[in-house]
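Take a look at the letters that make up each chain.
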Amino acid sequence: MGAPLDDLLLELDVELHLSSIADPTFVGALVQREDGSLVLSMPQGRPRLERDCVARAMLGRAVGVPLGRLPEMYELTEV
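Throughout, a residue's number is its position along its own chain's written sequence, starting from 1. The predicted nature of this model means local features are confined to residues of pLDDT at least 70 and side-chain atom pairs, given and counted, to a pLDDT of 80 or more, with totals for whole chains, interfaces and linings taken over all residues. Each side-chain value is worked out from all heavy atoms of the structure, with water and hydrogens disregarded.

## Let's talk about the nonpolar core
Then comes step 1: By nonpolar core we mean a set of buried residues, namely Ala, Val, Leu, Ile, Met, Phe, Trp, Tyr and Cys, connected to one another through side-chain atoms within 4.5 Å. Here the term buried applies to any residue with accessible area under 20% of the maximum for its type, exposed to any over 50%, and partly exposed to those in between, with areas from a 1.4 Å probe on protein chains only. The biggest cluster of nonpolar side chains holds 15 residues, and the ones touching the most others in it are Leu5, Leu9, Val14, Leu40, Met42, Val54 and Leu59.
Then comes step 2: Here a helix means four or more residues in a row that DSSP labels H or I, a strand means two or more in a row labelled E, and each is numbered from the N terminus. Breaking this core down by element, the ones donating at least two residues are helix H1 (5–11), strand S3 (38–43) and helix H2 (48–63).
Then comes step 3: With five residues, H2 is the single largest residue contributor to this core.
Then comes step 4: Those residues in contact with Met42 that lie beyond four places of it in its chain are Leu16, His17, Leu18, Ser19, Val27, Gly28, Arg51, Val54, Ala55 and Met58. We call two residues in contact when some of their heavy atoms are within 4.5 Å.

Spelled out as structure tokens, the structure:
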């Protein structure tokens with residue numbers, strides 16, 4: 001999980017989509033398809049550090065790697 005985000009996405013075979021959702025409370029979504037593959041959707045124009053931290057938090061949860069908590073302003077919700 002310490003690799004650069006682009007390398008991590010390649011390693012985990014995650015498909016990245018840039019979202020057009022403009023809601024400032026939307027920081028991204030990770031979807032696991034029926035075949036087990038992952039799709040990460042991240043909003044455009046957000047700070048690189050935010051995108052990196054949130055993406056790693058979602059990926060860590062999906063693959064079962066415990067990571068530190070995100071700042072309180074972020075909340076990951078599983079549906």
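## Overview of the pairing of S3
The side chains of a regular strand alternate, residue by residue, between the two faces of the sheet.
Then comes step 1: Buried residues dominate S3, accounting for six of its six residues.
Then comes step 2: The alternating pattern of S3 places Leu38, Leu40 and Met42 on one face and Val39, Ser41 and Pro43 on the opposite face, and all of these are buried.
Then comes step 3: Where strand S1 (residues 14–19) meets S3, six bridges bridge the pair, whose relative direction is parallel. Paired with Glu15 across the two strands is Val39, which belongs to S3.
Then comes step 4: Inspection of the sheet shows strand S2 (residues 29–32) paired to S3 by four bridges, in the antiparallel sense. The residue of S3 that forms the bridge with Val31 is Val39. By the convention used here, strands pair only if DSSP detects at least 2 bridges between them.

## Here we look at H2
Then comes step 1: The span expected for a helix works out to 1.5 Å for each residue beyond the first. Along its 16 residues, H2 runs 22 Å from first to last C-alpha, staying within 8% of the 22 Å computed at 1.5 Å per residue.
Then comes step 2: Every buried residue of H2 is listed here: Glu50, Val54, Ala55, Arg56, Ala57, Met58, Leu59 and Gly60.
Then comes step 3: Buried residues belonging to H2 abut H1, S1, S2 and S3.
Then comes step 4: Positive phi shows up at Gly64, right after H2, with a value of about 80 degrees.

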